[in-house]
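Architecture and fold: a report
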Amino acid sequence: MSDRRNLFNRVWDLHAVRTLDNQQTQLFIGLHLIHEVTSPQAFEMLRERGLKVAFPSQTVATVDHIVPTADQSRPFQDLLAEQMMTAIEKNCDEFGVTLMDLQDGRQGIVHVVGPEQGLTQPGMTIVCGDSHTSTHGAFGSIAIGIGTSNVAQVLATQTMFLNRPKVRRVVVNGDLAPGVYAKDVILHIIQKLGVQGGVGYAYEYAGSTFDAMSMEERMTVCNMSIEGGARCGYINPDEKTVEYLRGRPYAPQGEDFDKAAAWWLSLASGDDAEFDDEVVFDAADIEPTVTWGITPAQSVGVSQPLPKLQDSPAGEQVLLKEALDFMGLDEGQPVAGTPIDVAFIGSCTNGRISDLREAARVAEGQQVAASVKAIVVPGSQLVREQAMQEGLHEIFEAAGFEWRGAGCSMCLAMNPDKLQGREVCASSSNRNFKGRQGSPTGRTLLMSPAMVAAAAIEGKVTDIREFAGTPA
Amino acid sequence: MPERLPDGAAVVRAQLAVYLPEDILMPSAWPHKLADAAWQRPKRNTNMSTEIKTVTGTGIPLLLDDIDTDRIIPARYLRCVTFDGLGKHAFEDDRQQDPSHPFDNPSYAGASVLIAGRNFGCGSSREHAPQSLMRWGLKAIVAESFAEIFFGNCGSLGIVAVRASREDLIRLAAAVEADPAAQVSVDLEALEVSVGEETVSVEMPDSARDALVTGDWDYLGQLLSAADQVTAHARTLPYLNGYPG
C-alpha cells in the first residue's frame, strides 16, 4: 500500500521520540533558532537546574528585535537593550552556542538568517521563540513558534511536547496578475479564513500559484501562517528548494548534497496524500491587498471599500467598530487614498533581497512625499550587502528613503524605530495590532513592499497597478 | 516594588522563585550580579509542579475577540532579561485609552479568573503575555477560544485555560459584572465554571487538563526523563547521521 501521509505527518513521525498516554508527542527538534528577547529567561532556567544545552550544534543564535538600525555602536543608548545584548552574548558563550552578532557579518532577522545560511532545511523540525518561525516551512519543514518555557525545554533536551495538529491543504491555482505579490496571496487567505481559522491546523500551501513562486515569496506566505491562527505553514520541497540551498554554508556539501536533495524531495506530499481539510482559491480573485483594521484579516483589495457594519455578521460588529474607531476610518470608505505618515519596508515577512528589488523598482526616479518619513531596513547584513552591490541603496536614498542596518526595526518597535502618536504607517510587516509599531495609538496598514513604496511616494495608499512607471 | 501575589498561590511562588531577584533589573547591578546570583542561589528541587484541580477567586470580564499578545503586554516591556515586574503593565496601552477598562476598575482588583472572548492571546509567541497576566493575579482564563502558542504557554506556567460557549461566557460575564465580589470557581475535574447561580460546562484538551490535575506539568522534568531515548532517536535522523542512498 502506498504511503498516503502528507509531508507534515511524515516529518512529524520521523521526529516523534515517544507519545504519552495523553496523546502528547515528545518531538525531537532538528534546529533551534534563538534571539535575544525570548531566550534570557530560558538560559536562566537551565542555570537554575544545573543543565547544559543538549545539542549545541543544532542551536544557533542571532540578534534582531532590539537592534538599533541607525546607530549600532555599543553600548546601545537604550540600557535595557544593552542588557539584553550582553545577556545573549554571555549565554551563548557560556553554553557553547554559535552567535551571529552585529560584528559577525551574518546577523539579521532570525527568519531571514536561517534560510540564508542554509540552516533551514526540508524535513527538519524547527523551533524558535518567535511566532514567525512558520517562515521556515517554505522549505518543507515543520517550523513552529514557541514560548520561553519551551525554549528552555528545547535547549535542555532538544525536544518538546506537542499535540499533533490536523493538516489543511490551502490550494491556490493560477497566475498572479501584475502588481499582485505573495504578500497579497497570504493576506487574501487570512481575510477569507479569518485570524482564528487555522487554530488546530498546520497549513500545507499547494497549487500552481505556490509552485510558481520563488523561495523568498514562499517564505512570505509561510511567515504569516500564524496570523491566520495556524500552528505552522509549509510548502513541499521541489527543485527550487534544492537549488536555493545548494552551496549555502550550513547545507550539506558535495555528494552529500545530492543525497540530501533526493531525501528532501522524497518527503513531499504525494498526489494521493490525505488531508483533514482542504480549501481552494483562485489566483485571479486576488488583487493588491491592504489591511485597514487591527487584525491581519481586516483587509480589502485596494480597489475595494471598507466593509459596512450593517453588512457584517452580528458577531463581528463589535470588533469591526472597535477597528474603525481606532483607525479613524469610516465604514464603506475606499481604502485607496488613505493618507500615510510613515512607510516601512522590511521585516521577516518582506525584508529579503527580492522585496527590496521590487520596492526599488517602484522608487527609482521618484520622490517620497514631503509629509512621509520612509525607511528601508534589510532583513540581514547579507541582504544589505547584496542590495548595496546592486546599488539599491542609492535608488532608495535618491528617492528620499532612509537606508538602515539590519533588524526587526519598526515591525514591532522594541528598538528606536517607532511610530509617534497617531501616525499611519504603510508597512510591509506582518501585524497591524493596536500599538504594534511602538505608539499605543499608532496605526498600521499592511501591504506588499511595492505598495509601500508607491504609498511613500504618493503620500497615500495607492493601487500599484495604476502607479506610474510600474511595468504592465 | 514587590508585585501583588494571590494568597496561597504556591504555584505562582514556585514559578517566581525560578527567576532572578528584582535587583538584577537595576542597571547598576548588571552584569556582574547575574553571575553572582546564579552562583549563590541554592539548587532547587526539579519537581516544581503542583496539582491544580480547582481555581477559585473573583472574576474579571473582558469579552472582546482577537485580543493579541501585543495588547496584553506591549513590546517595550519585552526589553528585559527576567519576567519580574510585568504584572503592572498588563493591558497598559488599552487601559490608557479606555478609562473604563476592567483591569483599571477597582471592583475587579484582585481577580483570579478572566472571562474572555474568541482567539484570546493571538499573535506573538511572547511568554511575557501570560506571565504578565499571572503576575497581575490571574490564575485561570475562560474564553471562547485561545491562540495555540498562548495556550501552550499557559500550560507551561500552570495557568488554567478553558473554553466555553459564547452564550455561557456572556452569562458568566453578566454574573461577574452584577456582583464583582462573587466567587468564580473553575473545576477542572468536573469541567465546570460556576459563579453565583450560574454553572456552565467548559472544555480543555485532555492532555493539558490531565497535566494540571495530576500536577504533572513540569514538562522539562518529563522531557529530561527520556534523555536516553532522545539520544537514540537522534541517531535515526538523516540530517544528523547521513542521508540514505
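Residues numbered from 1 in each chain as written. Chains lettered and ligands numbered in written order. Predicted model: local features only at pLDDT ≥ 70, side-chain atom pairs only at ≥ 80, totals over all residues. Heavy atoms only, no water.

Here we look at the nonpolar core
Nonpolar side chains tend to gather and get buried jointly when the protein is soluble and globular. With 228 residues, the main nonpolar core has Tyr-205, Phe-396 and Phe-401 of chain A together with Phe-120, Leu-133, Ile-141 and Val-142 of chain B as its most contacted residues. When residues of this core are assigned to their parent elements, the largest contribution, eight residues, is made by helix 16 (residues 449-458) of chain A. Those residues in contact with Tyr-205 of chain A that sit more than four places away from it in its chain are Val-170, Ile-186, Ile-189, Phe-210, Val-221, Cys-222, Ser-225, Gly-233, Tyr-234 and Ile-235 of chain A. Core analysis: the second largest hydrophobic core is formed by eight residues, Val-377, Met-410, Leu-419 and Cys-425 of chain A among them. (Core = buried A, V, L, I, M, F, W, Y, C linked by side-chain atoms within 4.5 Å. Buried < 20%, exposed > 50% of the residue type's maximum accessible area, 1.4 Å probe, protein only. Helix = DSSP H or I, 4+ residues; strand = E, 2+ residues; numbered from the N terminus. Contact = heavy atoms within 4.5 Å.)

Remarks on the sheet that holds strand 4 (residues 160-163) of chain B
Residue and element names in this part refer to chain B. One open sheet accounts for seven strands, arranged 4-3-2-1-5-6-7; its pairing is mixed. A single partner strand is all that each edge strand has here, and the edge strands are strand 4 and strand 7 (198-201). Across the sheet, the mean angle from the axis of one strand to that of its neighbour is 25°, orientation sign disregarded. Here strand 6 (residues 192-195) runs beside strand 7; their pairing, made up of four bridges, is antiparallel. Residue pairing across strands places Ser-194 opposite Thr-199, the latter belonging to strand 7. (Pairing = 2+ DSSP bridges. Axes fitted to C-alpha atoms, helices over the stretch in contact; angles between N-to-C directions.)

Re the pattern of salt bridges
Considering all chains together, one arrives at 44 salt bridges over all chains under this definition. Ionic pairing is found between Glu-402 of chain A and Arg-404 of chain A, a salt bridge with its closest N-O pair at 2.7 Å. Given the relative accessible area of 10%, Arg-404 of chain A is considered buried. Among the ionic pairs, Arg-71 of chain B bridges to Asp-94 of chain B, the shortest N-O distance being 2.9 Å. Taken together, the residues Arg-71 of chain B in helix 3 (residues 69-72) and Asp-94 of chain B in helix 4 (residues 92-97) connect sequence positions 23 residues apart. (Salt bridge = Lys/Arg side-chain N within 4 Å of Asp/Glu carboxyl O.)

Some remarks on the side chain of Asn-415 of chain A
Residue and element names in this part refer to chain A. Of note, Asn-415 is situated in the loop between strand 17 (402-403) and strand 18 (424-427). Using a relative accessible area of 3% as the deciding quantity, one classes Asn-415 as buried. For Asn-415, the side chain forms a polar contact with the main-chain oxygen of His-65, separated by 2.9 Å. One polar contact links the side chain of Asn-415 to the main-chain amide nitrogen of Asp-417, over a distance of 3.0 Å. If sequence neighbours within four positions are ignored, Asn-415 has contacts with His-65, Ile-66, Val-67, Cys-408, Ser-409 and Met-410. (Polar contact = N/O pair within 3.5 Å; in protein donor to acceptor, adjacent residues only side chain to side chain.)

Describing the confidence of the model for chain B
With 80% of its residues at a pLDDT of 70 or more, chain B shows a mean pLDDT of 85. Throughout residues 1-47 of chain B the model reports pLDDT below 50, and contacts reaching past four residues in sequence, or to other chains, amount to 84 contacts. (pLDDT = per-residue confidence, 0-100.)

Details of unusual backbone geometry
Each neighbour pair has its own omega, and for Arg-74 of chain A with Pro-75 of chain A the value is -10°, a cis peptide bond. With respect to the secondary-structure elements, Pro-75 of chain A resides in the loop between strand 4 (59-62) and helix 3 (79-95). Despite not being glycine, Asn-119 of chain B has its phi angle at roughly 60°, a positive value. Its location among the elements puts Asn-119 of chain B in the loop between strand 2 (113-116) and helix 5 (128-136).

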